[in-house]
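Report on the structure
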Amino acid sequence: MEELHLRRAHMKDARGIHALIMEGVGRGLLLPCSLNQIFMRLRSFWVVDTGPGTPVVGCCALTISWENVAEVRSLLVSPDYRRRGIGSMMVDACLDDARELGVTRVFCLTYQREFFSGMGFAEVEKESLPQKIWTDCIDCPKFPNCDEIAMARDV
């Protein structure tokens, strides 16, 4: 089995992150994210690869929403690398970041209820996340009929 490397994203990873996310969009796993958005948030991304110079096989970001609230977003693992703990590894890295920053609550909007439940997240009402709704959700084509599940956990 290949060795997996978790690390912070580098500039050279942006296009690979974008390709991975867009592949997931095509499969209905998450909402689209532009390459520009990825460059703007690059410092918030964690990636997994199999060694220097290899393509990104997983990505995940932690973005700050408000004073003590952050979001785990853009979590995706390449289909060939699923069920190897990569998603958990990246979410754990995001939770560690949140603790280090002094964030006390982390949330996500997801279609993967079971995965996040296994990571200690519980369903919450979307209305409990007003900063998210009025910054990102308001511009989403699915607003106000979002079919994603809001989940959160304290850290």
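Everything below is about the structure printed above this text.
Within each chain, residues carry numbers counting from 1 in the order of the written sequence. Given that the model is predicted, a residue must reach a pLDDT of at least 70 before its local features are reported, and side-chain atom pairs must reach 80 or more before they are shown or counted; all residues, however, enter totals for whole chains, interfaces and linings. With hydrogens and water set aside, each side-chain value is computed from the structure's full complement of heavy atoms.

**Regarding the nonpolar core**
Core analysis: the largest hydrophobic core is formed by 24 residues, its most contacted members being L62, V72, I86, V91, V106, F116 and F121. Helix and strand assignments come from DSSP, with helices taken as H or I runs of at least 4 residues and strands as E runs of at least 2, each series counted from the N terminus. At the level of elements, β2 (45-49), β3 (58-66), β4 (69-77), α3 (86-101), β5 (105-110) and β7 (149-154) are the ones that each hand at least two residues to this core. When near neighbours in sequence (up to four residues on either side) are disregarded, V106 contacts L62, A70, V72, L95, A98, F121, M151, A152, R153 and V155. Side-chain atoms within 4.5 Å link the members of a nonpolar core, which is a set of buried Ala, Val, Leu, Ile, Met, Phe, Trp, Tyr and Cys residues. Think of it in three bands: residues with accessible area under 20% of the maximum for their type are buried, residues over 50% are exposed, and the middle band is partly exposed, with areas taken using a 1.4 Å probe on protein chains only. C33, V47, V56 and L76 belong to the second-largest nonpolar core, a separate cluster that totals 15 residues. In what follows, a contact means two residues having at least one pair of non-hydrogen atoms within 4.5 Å.

**What about the environment of A150?**
With respect to the helices, strands and loops of the structure, A150 is situated in strand β7. On the basis of relative accessibility, which here comes to 2%, the residue A150 falls in the buried class. Taking the C-alpha atoms as reference points, A150 and T110, separated by 40 residues in sequence, lie 6.6 Å from one another. Ignoring any residue separated from it by four or fewer positions in sequence, one finds A150 in contact with C108, L109, A122, E123, V124, E125, K126 and L129.

**Regarding the state of the cysteines**
Put simply, a disulfide is two cysteine sulfurs that come within 2.5 Å. Under the counting rule described, the total for this entry stands at zero disulfides. With no disulfide of its own, C33 lies 8.8 Å from the sulfur of C59, the closest cysteine sulfur. Taking the relative accessible area as the measure of exposure, C33 reaches 7% and is therefore buried. Free cysteine: C108, not disulfide-bonded; nearest cysteine sulfur from C60 at 9.4 Å.

**Notes on the packing of aromatic side chains**
Each Phe, Tyr or Trp ring, with Trp reduced to its six-membered ring, pairs with another whose centre is within 6.5 Å; inter-plane angles below 30 degrees give stacked pairs, above 60 give edge-to-face pairs, and intermediate values give tilted ones. One pass over the full model with this rule turns up two aromatic pairs. Each ring, one from F115 and one from F116, has its centre 5.1 Å from the other, and the planes form 85°; the classification is edge-to-face. Given a relative accessible area of 3%, F116 falls into the buried group. Between the aromatic rings of F116 and F121, the centroid separation amounts to 5.2 Å while the plane-to-plane angle is 80°, which identifies the pairing as edge-to-face. Here F121 falls in the buried class, since its relative accessible area comes to 3%. The rings of F115, F116 and F121 are connected pair by pair, giving a single aromatic cluster.

**A word on α3**
By definition here, a helix of n residues has an expected span of 1.5 Å times n minus one. In this model, α3 (16 residues) spans 23 Å end to end at C-alpha, consistent with the 22 Å of a helix rising 1.5 Å per residue. By the burial criterion, the buried members of α3 are I86, G87, M90, V91, A93, C94, L95, D97 and A98. Where α3 ends, the next residue or the one after it, G102, has phi of about 90°, a positive value.

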